[in-house]
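# Architecture at a glance
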Amino acid sequence: MRKFKFKIKLNIICIGLCSLVTGTAYAVQLLDPPSTPKVTNITVFVAKKIVTMDPAIPNATAVAVADGRILSVGSLADMKPWTDKYPTQINREFANKVIYPGFVEPHAHPLLAGILFNKPLLTPSPMPNPWGAAFPGVATLPAALSQLKKYSDDIKDPTKPLLAWGYDVVAMGKVPDRQMLDQASSTRPIIVWDISGHDMYVNSAMIKAYDITPEKVKSIPGVGLDENGQLNGRFLEIPALMFIMKLAGKDILSANEIPRDYLYINDLMQQAGITTSGDLAFGSLNIEMETKLAKAFTSSAVGDLRIVPVVYAEPFIEKYGDKAIQEAQNLSQMDNDRLIFQGVKFYSDGGYLPETMRMENPGYVDGSLGSSNYKTAQDFAGAMRPWWDAGFHIHIHSNGDKGNQNSVNALQLMLDAKPRFDHRYTINHFGIPSTAMVMKIKTLGAVVSANMSYISERAELEYPALGMDRASYATRLGTLVRSGVVTSIHSDAPVSAPSPLKEAWTAVTRKDVYKDGKVWAPAEAVTVQDAMKMITINAAYTLGVEDKVGSIEAGKFADFAVLDQDPQTVPALKIKDVAVFATVIGGKVVPVSETKKPRPFR
Ligand SMILES: [Zn+2]
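Residues numbered from 1 in each chain as written. Predicted model: local features only at pLDDT ≥ 70, side-chain atom pairs only at ≥ 80, totals over all residues. Heavy atoms only, no water.

### Quick look at the overall build of the protein chain
Counting its secondary structure elements, the protein chain contains 23 helices and 23 strands. With respect to the three principal axes, the spread of C-alpha positions in the protein chain is 95 × 55 × 50 Å. Counting over 602 residues, the protein chain shows a buried share of 56%. The contacts in the protein chain between residues at least 6 apart in sequence include a share of 73% that link residues at least 24 apart. (Helix = DSSP H or I, 4+ residues; strand = E, 2+ residues; numbered from the N terminus. Buried < 20%, exposed > 50% of the residue type's maximum accessible area, 1.4 Å probe, protein only. Contact = heavy atoms within 4.5 Å.)

Below, the structure is given as structure tokens:
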């Protein structure tokens with residue numbers, strides 16, 4: 001009322017300036033914002049060292065938290081303006097520990113990883129188990145086949161389908177055909193899903209039980225046929241293997257097991273210091289089921305993760321047609337502090353691990369160029385355009401140099417058609433990049449999320465097919481950092497086990513995990529500080545949640561990774577061995593010791 005009178009009076013006195021003055025009066029009104037909810041109880045965590053990832057206050061020793069958010073960071077004395085005013089509890093359980101922002105996994109498939117890590121395993125490398133001994137790995141095709149037979153023999157009902165996961169065609173040297181898999185069982189439908197997630201093999205019982213005929217699959221690319229035109233059991237790339245999952249998924253994925261699977265990956269990630277994970281192909285299994293689960297999981301007191309689902313365009317288009325974009329946008333209505341829908345995903349080419357990624361001249365050493373799952377830049381841009389125009393943050397799965405070039409060229413086409421600021425187009429994986437590609441990525445304002453297992457686990461396996469040079473400079477982090485491209489690093493779980501500190505170790509040392517620990521393209525190594533940015537603030541930026549997580553700053557979620565030592569001060573070779581003691585999510589302390597066994601999912 002007072003403001004109203006004030007306005008009238010001014011209008012009478014200075015008519016010529018009335019528009020300017022009334023503008024001022026409204027401004028006065030706007031300067032009177034609503035107050036934020038009152039701070040209730042403050043917890044101040046005191047640590048030996050807090051590494052904030054905020055350049056203004058890079059190091060601290062105390063962080064005050066209330067209602068799940070960070071209030072202030074500095075020394076304990078610096079907290080006084082807050083602690084003098086509100087009831088406060090000082091928590092000294094981390095007094096000898098180092099606190100980092102909770103690690104952010106920018107590219108994983110938490111649900112799929114939880115399901116697959118819980119299935120019978122055939123991985124060549126050891127696979128950690130949050131609740132017990134690691135799977136030791138199987139090294140050869142015969143070892144994999146006898147392991148598969150053992151898994152089958154252990155199931156009573158001889159016709160119950162079996163899904164095994166983690167076979168590695170490059171490590172084991174051969175694509176298993178249906179006759180080989182028939183050795184494991186002639187009655188039980190068996191599906192073997194390869195470690196990259198891009199290749200699937202089935203036995204004769206599977207083909208028979210689900211009545212799969214060459215006729216029925218003739219329009220699906222990637223279905224393997226033998227010289228007689230009969231199915232050879234191979235289903236290569238996403239459309240082909242989604243066909244199998246649609247047929248048999250309901251018999252293999254039991255709804256009762258899925259909460260446990262989610263808890264499994266939750267605990268594996270928690271033990272690795274992760275507090276936020278992207279889910280980079282939401283909807284690829286089943287849109288309704290995943291929606292329900294994501295909601296249940298992120299409202300459960302047992303879960304210790306924030307999930308950032310990135311919808312996979314294909315199943316949305318298939319299910320909703322013209323309404324796909326609208327339906328994907330509607331998912332944001334479910335957003336809460338722990339579930340944040342963000343962006344859309346497309347595939348540019350095949351997988352790095354099974355050597356199906358699309359290569360540019362000179363191609364693979366054997367003269368091939370990679371999988372047929374590949375579009376021209378024009379087609380690719382055309383498929384993405386409606387989502388681009390709707391303002392989506394687009395994530396591209398992109399591996400081979402041709403795949404990467406296409407991803408970049410498609411971005412150029414979309415920018416030419418409809419320029420956008422802060423589009424944050426994200427090249428995921430970035431297997432074989434050239435220097436020119438990095439320069440173009442910088443020019444076009446794209447960002448990169450790179451898979452570090454391409455060095456640590458794969459360089460040794462892939463160099464015979466790629467040549468030493470290209471296998472060595474996979475991911476090119478050094479060039480990306482020096483070019484000023486925002487870069488994060490990821491596990492792509494289930495492709496490799498989630499472990500941000502191991503990824504940082506790889507980024508810094510460029511070493512592999514094999515016994516001699518060869519160093520691959522050392523000139524592409526980055527500093528430990530840059531590597532730590534790649535698993536915190538840069539990873540948050542890649543997912544579009546840098547305003548919420550990724551650094552320890554006032555107003556952000558109180559999400560921390562509590563470590564025994566600072567990766568920036570231990571010898572570089574020890575970074576992967578730094579122990580995670582606990583995570584803190586929204587101020588809630590979760591000691592690693594508490595996630596070492598399964599618990600009821602509430
Ligand atoms: Zn992925």
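### Some remarks on the packing of aromatic side chains
On inspection of all chains with the given rule, the structure shows 16 aromatic pairs. Note on tyrosine 312 and tyrosine 347: the rings are 5.2 Å apart at their centroids and 65° apart in plane angle, and the pair reads as edge-to-face. A residue pair is termed long-range when its members are at least 10 positions apart, and tyrosine 312 in strand β15 (residues 306–312) and tyrosine 347 in strand β16 (residues 344–347) qualify at 35 residues. Taken together, a centroid distance of 3.9 Å and an interplanar angle of 10° make the contact between tyrosine 352 and tyrosine 454 stacked. Taken together, the positions of tyrosine 352 in the loop between β16 and α14 (377–389) and tyrosine 454 in helix α17 (residues 453–456) put the pair 102 residues apart, joining distant regions of the chain. Residues tyrosine 352 and tyrosine 454 agree in their burial class; the two are buried. Through a chain of ring-to-ring contacts, the aromatic side chains of Phe45, Phe94, Phe560 and Phe581 assemble into a single cluster. The positively charged end of arginine 476 is found above the aromatic ring belonging to tyrosine 473, 4.2 Å away from the centroid. Lysine 576 extends its terminal NZ or CZ atom over the ring of tryptophan 505, reaching a point 4.9 Å from the ring centre. (Phe/Tyr/Trp six-rings, centres within 6.5 Å; stacked < 30°, edge-to-face > 60°. Lys NZ or Arg CZ within 6 Å of the ring centre and 35° of its normal.)

### Topic: the domain arrangement of the protein chain
Splitting the protein chain by domain gives domain 1 (1–33), domain 2 (42–96), domain 3 (119–252) and domain 4 (258–595). For domain 2 versus domain 4, the distance between C-alpha centres works out to 31 Å. In this assembly, 18 residues from domain 2 lie in contact with 25 residues from domain 4. The largest contributions to the domain 2 side of the interface with domain 4 come from Met53, Ile70 and Phe94, which together make up 39% of the buried area. Here domain 2 and domain 4 share one salt bridge between them. Close ionic contact of lysine 49 with aspartate 566 constitutes a salt bridge, the shortest N to O distance being 2.6 Å. Joining domain 2 to domain 4, the criterion identifies six residue pairs in polar contact (both at pLDDT 80 or more). Among the secondary structure elements, those contributing two or more residues to the side of domain 2 that touches domain 4 are β1 (42–51), β2 (59–66) and β3 (69–74). Class assignment for the residues of the side of domain 2 that touches domain 4 results in 10 nonpolar, four polar and four charged. (Domains from an automatic or database assignment. Buried area = accessible area lost by both parts, 1.4 Å probe. Salt bridge = Lys/Arg side-chain N within 4 Å of Asp/Glu carboxyl O. Polar contact = N/O pair within 3.5 Å; in protein donor to acceptor, adjacent residues only side chain to side chain. Nonpolar A, V, L, I, M, F, W, Y, C, P; charged D, E, K, R; others polar.)

### Concerning the coordination of the zinc ion
All of the protein donors around the zinc ion are His107 (NE2), His109 (NE2) and Asp492 (OD); their distances to the metal are 2.1 to 2.2 Å. Of note, the donors binding the zinc ion are all from one chain and are spaced H-x1-H-x382-D. Placement of the pair is histidine 107 in the loop between β6 (103–105) and α4 (110–117) and aspartate 492 in the loop between β20 (487–490) and α21 (500–509), with a sequence separation of 385 residues. (Donors = N, O, S within 2.8 Å, 3.2 Å for Na, K, Ca; no water.)

### Topic: the pattern of salt bridges
Scanning the entire structure with this criterion turns up 25 salt bridges. Residue glutamate 288 pairs with lysine 319 through a salt bridge whose shortest N-O separation is 2.8 Å. Separated by 31 residues along the polypeptide, glutamate 288 in helix α11 (residues 287–298) and lysine 319 in helix α12 (residues 313–320) bring together distant segments of the chain. Take glutamate 288: its relative accessible area is 44%, and that puts it in the partly exposed class. Classification of lysine 319 by relative accessible area gives partly exposed; the value is 41%. Here aspartate 389 makes a salt bridge to arginine 385, at a shortest N to O gap of 3.1 Å. With a gap of four residues between them, aspartate 389 and arginine 385 both fall in helix α14, about one helical turn apart.

### Quick look at the side chain of aspartate 267
With respect to the secondary-structure elements, aspartate 267 resides in helix α10 (residues 258–271). At 2.9 Å, the side chain of aspartate 267 and the side chain of asparagine 266 are in polar contact.

### Points about the sheet that holds strand β9 (residues 162–167)
With respect to topology, five strands assemble into an open sheet ordered β9-β10-β11-β13-β12, the strand pairing being mixed. The outermost strands of the open sheet, each flanked by one partner alone, are β9 and β12 (223–225). Strand-to-strand, the axes of this sheet are offset by a mean angle of 25°, without reference to chain direction. Across three bridges, strand β11 (residues 199–202) lies against strand β13 (residues 231–236) in antiparallel orientation. Bridge pairing in β13 places methionine 200 opposite phenylalanine 235. Helix α9 (residues 238–252) contacts β9, β10 (190–194), β11, β12 and β13 of the sheet and is inclined by roughly 100° relative to β13. (Pairing = 2+ DSSP bridges. Axes fitted to C-alpha atoms, helices over the stretch in contact; angles between N-to-C directions.)

### A few points about the environment of alanine 296
In this fold, alanine 296 is placed in helix α11. Here alanine 296 falls in the partly exposed class, since its relative accessible area comes to 36%. For the pair alanine 296 and serine 472, spaced 176 residues apart in sequence, the C-alpha to C-alpha distance is 42 Å.

### What about the packing of α10 against α11?
Taken N-terminus to C-terminus, the directions of α10 and α11 make an angle of 55°; their axes are 11 Å apart at the nearest point. Classified by the angle their axes make, α10 and α11 are oblique. α11 is crossed by α10, and the crossing has right-handed handedness. Contacts from Ile258, Tyr262 and Asn266 of α10 reach α11 at Met289, Leu293, Ala294 and Phe297. The residue inventory of the contact of α10 with α11, partitioned by class, reads six nonpolar, one polar and no charged. (Parallel < 35°, antiparallel > 145°, perpendicular 65-115°, else oblique. Left-handed = near helix turned anticlockwise from the far one by under 90°.)

### Details of the packing of α14 against helix α15 (residues 401–417)
Relative orientation of the contacting elements α14 and α15 amounts to 55°, with a least axis distance of 9 Å. Relative to α15, the element α14 is oriented oblique. For the crossing formed where α14 meets α15, the hand is right-handed. Facing α14, whose interface residues are Ala377, Gln378, Phe380, Ala381, Met384, Arg385 and Trp388, α15 presents Asn406, Ser407, Asn409, Ala410, Leu411, Leu413, Met414, Leu415 and Ala417. Of the residues belonging to the contact of α14 with α15, the class tally is 11 nonpolar, four polar and one charged.

### Notes on the pairing of β13
Relative to β13, β12 runs antiparallel, the two being bridged by two bridges. Residue pairing for β13: leucine 225 is matched across the bridge by leucine 231.

### Quick look at α21
Burial within α21 is extensive, with nine of its 10 residues counted as buried. Turning to α21, its buried residues number three or more, namely Pro500, Leu501, Glu503, Ala504, Trp505, Thr506, Ala507, Val508 and Thr509. Trailing α21 by a residue or two, arginine 510 shows a phi angle of about 55°, which is positive.

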